[in-house]
Amino acid sequence: MTSRARWMVLIASFVMATAYVLPLWRVDLIAPQYPEGLGMYIKINGVEGLKPQDLNSINNLNHYIGMKRIEPDAIPELRYMPWILAGLIAGGLAVAASGKRLALHVWGGALALTLVAGLADFYRWGYDYGHDLDEEVAIIKVPGMTYQPPLIGSKKLLNFRATSWPSGGGIALTLAAGLVFLAVLDTRRRALLGAVLLTAAGCANVPPRDLVVNQDACEHCKMQISDPRFGSQVVTTTGRQLVFDSPECLAEFLERTPADKVASIWVLDVENPGTWVSAEAAGYLADANLRSPMGRITAFASPAAAEAARARLGGRLIDWAVVRGGAAESVHGGP
Amino acid sequence: MRAALLLTMLFAAALPAQELVVGDGAPFKTVSAAVAAARPGSTIRVRPGTYREPTIEIRTPRLRIVGEGWPVLDGEGQREIVNIRADDVTLQGLVFFNTGIAHMQDRAALRVIEAARCTVADNRFRQTLFAVYLQRAVDCTIRNNDIVGAGGGESSNGNGVHLWHSTGIRVIGNRITGQRDGIYFEFSRGAVAENNRSEANARYGLHFMFSDSCRYTDNAFVANGAGVAVMYSKGITMERNEFRDAVGSAAYALLLKEITDGVLVENKFIGSSTGLYLEGASRFEIRGNEFRANGWAVRLMADALDNRFVGNTFEGNAFDVATNSRTLRSTFDGNWWDAYRGYDLDRDGRGDVPFRPVRFFALVVERHPEALLMLRSPVTTVLDAAERVFPVLTPPLADERPLMRPPR
């Protein structure tokens, strides 16, 4: 497994843990006689009304059509589901810890099976409640009518509109499953994952962003950026905009970064604070009378602009290749 | 010709110390005129008033300029105020006012250029881009000055005391606020900063770049934009300083980056987002410091090697130690941790079970900062509990003999 996949599994495990606190599913019943609405939450270990009296009201309503009472204590799944989830989370932690591909596949399979089984079980309970009506008790009888609530979506039941959607916990489980799926992909075919992520981000040509002076920190040296005359920026192929306080830090960063991760490189024109210029097109002075936060290099809109400024500022005219290649000396040497 | 020059110099040296007075009704109307007339070793007394004149160029050695009743040297937003290009010059009791802003020049109220043994004491600096700028200066003393920058931050702000390629400079007892960096040592060796108070500057209270063998002690760094940064340097001694209230995502009370062989002793780190941040910082002795009420007391990156944490106090921090790696080559021995829940059966003052200061969640946050949203949530509690039972993911970093009582 890649370390990225291990992190994904780890995060998926934490995300799954939120299902202990957030409800899995939410069912709403809307009808004119209940203007404020009725509804219930299905949690991992119980069924609750949206409002304290809702479950009671729903049971009373169901009584008219002969439906069984919803008694959380009578549903055995609610007792053992928390333990199944705990097992899955522990499994996820173990997979992340071991980093074994086989473990990931076994656990991923178990997770998928559990989720499918859980949905099937939910459907079965819904079917049972909706169809198994007590003809003796029912006051309203519509021949052939069943009252199965939808698994997902909306459905008209007599004069009620029943809507059923995953809630926080259910969404979390779905997200977790998605993450695990990505982790499996990442382990199998990294290129495929890259394509998926790229498409998802939709980040073909991201422009450089403005610096937030006195708030942004240099990606390389961690210094806070406080002089907008000297900033620089890299836009990565995944659309991240990384900012630097000086051309020197930019060069150091590029030296340690694979070229295929870099989409575009930018520097600020010292004469027009806030204006980005492509690093390849810019002109540079080394050891001029203006000193960048790293002390050596000043960038201009073009080599011609740099040459023009050299009369006033002194220093040497250098080009981008030198800035980029001479990073080590320019940062650590000093005149 | 050379002999004549030498004779003149000897003659000048033999004269009694000369005193020149500048002011309304005094022999000299401007400081520049007095400076032009002064011989080496003269004293110029400047009476109260506001002096508007071109940049005062001092090329006469052993000159003393003393202000009486806070005379104001006004740069009228246009220029540098005093340049010193001679040795043994003393400036005292002056008010340097309003250099204005320059975008293509690091304009300084007082610039010392290739001079030795200057003394800049008891002056006031107001609305200056850079207040004191030492460039290739040697053995100067900058003492008890009161520096209030124009504030505002943005590009229109320079540093309070700036050293560039200077050696043996002492910066003592100054009060600096409203600048970009309060004190900045750049390419300078053997500098000392003592008893300064650097507060509410836009970036760093104190900033080191490429400056070896420097020492700073007993300073207070309070509420600066990004704290204090010591970078790309060797052999730095940091003692008894107070680092407070550096708050923000890019703020570190003290940032140590690419720096080797130093001591960090008996400092206080209080109320900051991150107390101490080490990246590429190696062979440091970190002893007897107090870390109180910070978000992260210490953030130790994987490339910080062979640092020793001994006898420090960790109290009331959200995270005591955070790191981005499972492999760490720094050690913790005999620190006091308020989160330690161990016991001391043999009563030697040391806990009998190790303390692991890196919370699992801290590791998660280090890699995925967004996860910080979940701090204090049940998930986090579950995670930390799970990790205590089954510690496979957190770094094997432990204080084997934690203190049972805070030191001191």
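Definitions and limits used
- Residues numbered from 1 in each chain as written.
- Chains lettered and ligands numbered in written order.
- Predicted model: local features only at pLDDT ≥ 70, side-chain atom pairs only at ≥ 80, totals over all residues.
- Heavy atoms only, no water.
- Helix = DSSP H or I, 4+ residues; strand = E, 2+ residues; numbered from the N terminus.
- Buried < 20%, exposed > 50% of the residue type's maximum accessible area, 1.4 Å probe, protein only.
- Areas by Shrake-Rupley, 256 points an atom, 1.4 Å probe, with all protein chains shown as cover.
- Contact = heavy atoms within 4.5 Å.
- Buried area = accessible area lost by both parts, 1.4 Å probe.
- Salt bridge = Lys/Arg side-chain N within 4 Å of Asp/Glu carboxyl O.
- Polar contact = N/O pair within 3.5 Å; in protein donor to acceptor, adjacent residues only side chain to side chain.
- Nonpolar A, V, L, I, M, F, W, Y, C, P; charged D, E, K, R; others polar.
- UniProt positions renumbered as here; feature names shortened; annotations may be inferred.
- 1 Å grid on protein atoms, 1.4 Å probe; cavity = no way out; pocket = protein on both sides within 12 Å on 5 of 7 lines; lining within 4 Å.
- Points joined across faces, edges and corners; volume = space filled by probe spheres on them.
- Core = buried A, V, L, I, M, F, W, Y, C linked by side-chain atoms within 4.5 Å.
- Pairing = 2+ DSSP bridges.
- Axes fitted to C-alpha atoms, helices over the stretch in contact; angles between N-to-C directions.

1. A look at the overall build of chain A
A count of helical and extended segments in chain A gives 10 helices and 12 strands. Expressed as a percentage of the 335 residues in chain A, the buried residues total 48%. Split by element, the accessible area of chain A, about 16000 Å² in all, is 61% carbon and sulfur.

2. Some details on the interface of chain B and chain A
The interface of chain B with chain A comprises 44 residues on the first partner and 41 residues on the second. Surface buried jointly by chain B and chain A totals about 3400 Å² across both partners, of which 63% is contributed by carbon and sulfur atoms. Where chain B packs against chain A, one counts three salt bridges. The partner of B:D106 in a salt bridge is A:R229, and the shortest N-O contact between them spans 3.8 Å. At the boundary of chain B and chain A, one finds four residue pairs in polar contact (both at pLDDT 80 or more). Of all elements in the fold, only β19 (183-186), β22 (204-209), β25 (227-234), β28 (252-265), β30 (274-287), α3 (360-367) and α4 (378-389) of chain B reach the threshold of two or more residues within the side of chain B that touches chain A. The residue inventory of the side of chain B that touches chain A, partitioned by class, reads 27 nonpolar, nine polar and eight charged.

3. Some remarks on the UniProt feature "transmembrane region" (unreviewed entry) in chain A
Residue and element names in this part refer to chain A. Following the UniProt record, one finds the feature "transmembrane region" (unreviewed entry) at residues 7-25, 80-97, 104-123 and 165-185. A helix fraction of 58% and a strand fraction of 5% characterise residues 7-25, whose end C-alpha atoms lie 27 Å from each other. Between the end C-alpha atoms of residues 104-123 the distance is 28 Å, and the span holds 100% helix and 0% strand.

4. Focus on the pattern of salt bridges
In the structure shown here, the tally under the stated rule is 42 salt bridges over all chains. In this structure, the salt-bridge partner of B:R401 is B:D333, at a minimum N-O distance of 3.4 Å. Linking B:R401 in the segment after α4 with B:D333 in strand β36 (residues 329-333), this pair joins segments that are 68 residues apart in sequence. A relative accessible area of 40% places B:R401 in the partly exposed class. Here B:D333 falls in the partly exposed class, since its relative accessible area comes to 24%. Taken together, the shared-partner salt bridges in this structure form one network comprising A:K222, B:K257, B:E258 and B:E279.

5. Details of the layout of surface pockets
Residues and elements named next belong to chain A. Computed from the structure, the second largest pocket encloses a volume of approximately 1300 Å³. As for the second largest pocket, its lining consists of 49 residues, and the residues nearest its centre are W25, V27, I42, F122 and W125. Elements that contribute at least two residues to the lining of the second largest pocket include exactly β1 (25-31), β2 (34-43), α2 (54-65), α3 (77-98), α4 (101-131), β5 (160-166) and α5 (168-188). Among the elements that line the lining of the second largest pocket, the one with the most residues is α4, at 11 residues. The residue makeup of the lining of the second largest pocket, split by class, is 39 nonpolar, eight polar and two charged.

6. Here we look at the nonpolar core
With 83 residues, the main nonpolar core has B:Y216, B:L254 and B:L276 as its most contacted residues. Ranked by size, the runner-up nonpolar core spans 62 residues in total, among them A:L55, A:Y147, A:L173 and B:V364.

7. Some words on the pairing of β19(B)
Residue and element names in this part refer to chain B. Residues I183 and F185 of β19 are buried on one face, and the alternating residues Y184 and E186, pointing to the opposite face, are buried as well. Relative to β19, strand β16 (residues 161-164) is paired through four bridges, and the arrangement is parallel. Among the inter-strand pairings, H162 is bridged to a residue of β19, identified as Y184. Summarising the sheet, β19 and β22 pair through four bridges and their orientation is parallel. By the bridge assignment, E186 is partnered in β22 with M209.

8. Details of empty space enclosed by the protein
All names here are of chain B. The final tally for this structure, using the stated rule, is five cavities of 30 Å³ or more. Approximately 140 Å³ is the volume attributed to the largest cavity. Among the secondary structure elements, those contributing two or more residues to the lining of the largest cavity are β13 (130-135) and β19. Looking at the lining of the largest cavity residue by residue, the class counts come to five nonpolar, three polar and seven charged.

9. Digging into the sheet that holds β5(A)
The strands making up a sheet associate through hydrogen bonds between their backbones, and the pairing can be parallel or antiparallel. All names here are of chain A. The strand order across the open sheet built from five strands is β3-β2-β1-β5-β4, with neighbouring strands paired in antiparallel fashion. The open sheet has two free edges, formed respectively by β3 (46-49) and β4 (153-157), since each of these has just one partner strand. The sheet shows a mean angle of 20° between the axes of neighbouring strands, direction not considered. Across four bridges, the pairing between β2 and β3 is antiparallel. Pairing of I42 across the sheet is with V47, part of β3. Together, β1, β2, β3 and β5 form the strand contacts of α2, whose direction differs from that of β2 by roughly 100°.

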